[in-house]
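Structure assessment
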Amino acid sequence: MNISQLKYSDLRKLLDQGQLTCVDIVKYYLSQIEAHNATLHAFLEVYDTEALDKAALVDQKIKSGTAGELAGLVIGIKDLLCYEDHHSYAGSKILQSFKSTFSATAIQRLIDQDAIVIGRQNCDEFGMGSTNENSAFGPALNFKNTAHVAGGSSGGSAVAVQANMCHVSLGTDTGGSIRMPAAFCGVSGLKPTYGRVSRWGLIAYASSFDSIGPMARHLEDLALVLSHISGADGQDSTVVSSNEFLAKKPIQGKRIAYIKEMAEHPSLQADIKKAFFEKLELLKSKGYQVNAVDFPYVDALLPTYYVLTTAEASSNLSRFDGVKFGHRTKVASKDLVDMYKKTRDEAFGEEVKRRIMLGTFVLSADYYDAYYTKAQKVRRLIKDFTQGLLQDHDFLVSPTTSSTAYRLGEKTMDPLQMYLGDLFTVQANVAGLPAISIPMGEDSQSLPMGFQIMADVFQEEAMLELATELV
């Protein structure tokens, strides 16, 4: 039996009928990790003994009829998420000795329903990157072709699902970090509405953009996990109450829009463009009204995103100074400031340093109004215009990325080229809207392609329903 190909609901039936045990499931995934992880580097740490012990306890709960709603669901967690009494490195040397004293709300809610955490997954340092090559512990590789990247920053999380090393992964998405690796690896990834899932326990990159979301093979499993991790949390004031998103306006019909400037963008790979328009024709055949729309702020998306996220990063990462936790330089320092500098220079990677410097620059007194304030105004324009489009349409669709997975090293020499890869995904984060990437076939080199759906706030369930029409 290929456990990884089954939806959780099917697995649960087998568990309840006694035809399968949680220990069987965990052993299967551990065997896949043993077979592939040394090459793919998807997991930084595997909780093998702990996962087996938890599985045995959950099996007893199933027999006694007291098991939670996610009993036997095996999950992997991105290295940006805190898990009590476990290491959380954020893909960085600066946190290499850090062990969390609490669990992220999203993780704890899954554990409370008897989900089993199997390990900690590789990612770009502090979520900064689109290839997973910025991890201090080496890149995660694409299972389809190991000469190519997995995408980032949740690359390890995507590969773990792609290579059948866990049933579901929890990733994070600041500008496409769930959707891009999902597209590159041929799995599905969901970025919820900002404020639907608590960020408590997420090591922050850019607090007004960061979202926690699931990655899986099956859309039904995305919906299931989302239902459990959503909802108000006293530890995070930005989370909305359950009543707010349950009272969302209903989807009115079958109106879909795609942005002409993106569908015709010169960077768009020919195979992806062809597959995208074939999906649009499929939707038309199913009775959907598909319209091309103009979006005048396409050229402003990436500058706005990078000005604001680097500004927030420069503030968020100031806490990593060698005093409170994590790495501290062993080189003699003449004073406290010198110790700060040496610690951060030794332990932060080049991309993190670059974004801290850029963020510090745009927040400086001389340039605050010219860059940061202006970017906040443009963010409002983007948000308002996008939501205006969603007043006239139920969904916005696009390719997830302009190309399939890059070759290793292809983008590292020119960071600007890496940043351009986020063009199709950052809009959802700038506007705070939900978005999903689903598989869209493979290109001529047999590399996966992704189809992206965006909707108005709290319309994740409607978005998932549309996605089922396409997979």
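Refer to the preceding data block for the structure.
All values reported here derive from a predicted model rather than from experimental measurement.

1. Section: the packing of aromatic side chains
- A complete count under the given rule lists 23 aromatic pairs for this structure.
- Pairing Y28 with Y29 gives two aromatic rings, centres 5.2 Å apart and planes at 70 degrees, and the pair type is edge-to-face. Y29 carries the same exposure label as Y28, and that label is buried.
- Both rings, one in F184 and one in Y406, keep their centres 5.3 Å apart while their planes meet at 80 degrees; by these two values the pair is edge-to-face. Of the two residues, F184 is situated in helix α6 (residues 179-185) and Y406 in the loop between β9 (395-399) and α15 (415-420); the sequence distance between them amounts to 222 residues. Like Y406, F184 is buried.
- Put simply, the rings of F98, F126, F320, F325 and F348 touch in pairs and so form one group of aromatic residues.
- We note K254 situated over the ring of Y288; from NZ or CZ to the ring centre the distance is 4.7 Å.
- Seen from the ring of F209, R379 lies directly overhead, with NZ or CZ sitting 4.0 Å from the centre.

2. Considering the sheet that holds strand β1 (residues 43-46)
- Strands sit in the order β1-β3-β2-β4-β6-β5-β10-β11-β9-β7-β8 across an open sheet of eleven strands; the sheet is mixed. With partners counted over all chains shown, the strands left at the sheet margins are β1 and β8 (289-293), one partner each. Within this sheet the neighbouring strands show an average axis-to-axis angle of 30 degrees, counted without direction.
- Of the pairings in the sheet, the one linking strand β7 (residues 255-259) to β8 comprises five bridges and is parallel in character. Bridging from a neighbouring strand, Y258 pairs with A292 of β8.
- Along the sheet, helix α2 (residues 22-40) contacts β1, β2 (74-78) and β3 (116-121); its crossing angle with β3, the most-contacted strand, is approximately 15 degrees.
- Strands in contact with helix α4 (residues 105-112) are β2, β3, β4 (168-173) and β6 (211-216); relative to β4, the strand with the most contacts, it is inclined by about 165 degrees.

Rules and cut-offs
Residues numbered from 1 in each chain as written. Predicted model: local features only at pLDDT ≥ 70, side-chain atom pairs only at ≥ 80, totals over all residues. Heavy atoms only, no water. Phe/Tyr/Trp six-rings, centres within 6.5 Å; stacked < 30°, edge-to-face > 60°. Buried < 20%, exposed > 50% of the residue type's maximum accessible area, 1.4 Å probe, protein only. Helix = DSSP H or I, 4+ residues; strand = E, 2+ residues; numbered from the N terminus. Lys NZ or Arg CZ within 6 Å of the ring centre and 35° of its normal. Pairing = 2+ DSSP bridges. Axes fitted to C-alpha atoms, helices over the stretch in contact; angles between N-to-C directions. Contact = heavy atoms within 4.5 Å.

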